[in-house]
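Residue-level structure breakdown
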Amino acid sequence: IQFDSGNYDVNSKWVNLYHPKFYVSDTPIFYLPYFGFSTFKERSTGLLRPNFSISADEGIFYSQPIFIAPQKNWDIELVPQIRTDRGHGIYSTLRVVDSKYSYGEFSVGYFKEKDSYRDKFNLKNDTHYGSEFFYKRSQFLSEYFDFEDGIYLNGIWLNDIDYLNLKV
């Protein structure tokens, strides 16, 4: 990356670059009038990198993940999405750490097909929904007893495989 000028705000931990040019080897491949990014290493609430694509069947696809981090040991990610020729939906994941030996996730999602898309591709369902649960923990009882143990739970419930295919 080469840029004309830039600055760094120590308090907000934010870098501003003006007229950056992105290179591969010596070849410029991308230009922006402005590019800013955080150097803050702590988890914080905000927007994540959006996803965008174009498909002949689904039209323009756009999703904008929203990250909510109210505590150090849990967070929520909301991912609304739109597919202009197919439909729209939202997926959400709650992540939890309840000890230094554990990690868990609970996800739910819903997607509504447009009638025209459902009819064109002869889909069985016009809505796709489901939920997923994952939890693993080592040393569950070993802090009280002298043996090694652990818990591993992984489950999914869905009405249609497209619940997984549409998850971003």
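First, a word on scope: everything that follows refers to the structure included in this document. Predicted model, so just to flag it, every value in this text is computed and none were measured.

As for the overall build of the protein
Regarding its fold elements, the protein presents 2 helices and 14 strands. Compactness check: the protein gives a C-alpha radius of gyration of 22 Å against a globular reference of 15 Å for 168 residues, more than 25% above the reference. Seen through its principal axes, the protein has C-alpha atoms that stretch 60 × 55 × 30 Å. Relative to its full complement of 168 residues, the protein shows a buried share of 29%. When contacts within the protein are restricted to residue pairs at least 6 apart in sequence, long-range pairs at least 24 apart make up 35% of them. Surface accessibility of the protein: about 11,500 Å² in total, with carbon and sulfur atoms responsible for 58%.

Topic: a nonpolar patch on the surface
A cluster of nonpolar side chains, namely Leu94, Val96, Phe106, Val108, Phe133 and Leu153, defines an oily patch on the protein surface of about 440 Å² accessible area. Within the residue set of the nonpolar patch, elements represented by two or more residues are strand E11 (87-96) and strand E12 (102-113).

Digging into the pattern of salt bridges
Considering all chains together, one arrives at 13 salt bridges under this definition. The salt bridge partner of Lys21 is Asp4, with a shortest N-O separation of 3.6 Å. Of the two residues, Lys21 is situated in strand E3 (residues 21-24) and Asp4 in the segment before strand E1 (5-9); the sequence distance between them amounts to 17 residues. Residue class for Lys21 comes out partly exposed when judged on its relative accessible area of 28%. For Asp4, a relative accessible area of 55% translates into the label exposed. Residue Asp126 is joined to Arg118 by a salt bridge in which the shortest nitrogen-to-oxygen separation is 3.5 Å. Look at Asp126 and you get partly exposed, because its relative accessible area is 25%. Several salt bridges converge on common partners, so that one network encompasses Glu58, Arg83, Arg86, Glu113 and Asp162.

Considering the pairing of strand E10 (residues 74-83)
Residues Asp75, Glu77, Val79, Gln81 and Arg83 point to one face of E10 and are all buried, whereas Trp74, Ile76, Leu78, Pro80 and Ile82, pointing to the other face, are not buried. Examined bridge by bridge, strand E8 (residues 59-63) and E10 share 3 bridges and lie antiparallel to one another. Along E10, the bridge assignment pairs Ser63 with Gln81. Of the strand pairs in this sheet, strand E9 (residues 66-71) and E10 are connected by 4 bridges, and their pairing is antiparallel. Paired with Ile66 across the bridge in E10 is Leu78. Linking E9 back to E10 in an antiparallel pair, the connection comprises 2 residues. In the sheet, E10 pairs with E11 via 10 bridges, with the strands oriented antiparallel. Each bridged residue has a counterpart across the sheet, and for Pro80 the counterpart in E11 is Ile90.

Conventions we followed
- Residues numbered from 1 in each chain as written.
- Predicted model: local features only at pLDDT ≥ 70, side-chain atom pairs only at ≥ 80, totals over all residues.
- Heavy atoms only, no water.
- Helix = DSSP H or I, 4+ residues; strand = E, 2+ residues; numbered from the N terminus.
- Rg over C-alpha atoms; globule rule 2.2 N^0.38 Å.
- Buried < 20%, exposed > 50% of the residue type's maximum accessible area, 1.4 Å probe, protein only.
- Contact = heavy atoms within 4.5 Å.
- Areas by Shrake-Rupley, 256 points an atom, 1.4 Å probe, with all protein chains shown as cover.
- Patch = residues over 30% accessible without salt bridge, like charges linked within 9 Å, V, L, I, M, F, W, Y side chains within 5 Å.
- Salt bridge = Lys/Arg side-chain N within 4 Å of Asp/Glu carboxyl O.
- Pairing = 2+ DSSP bridges.

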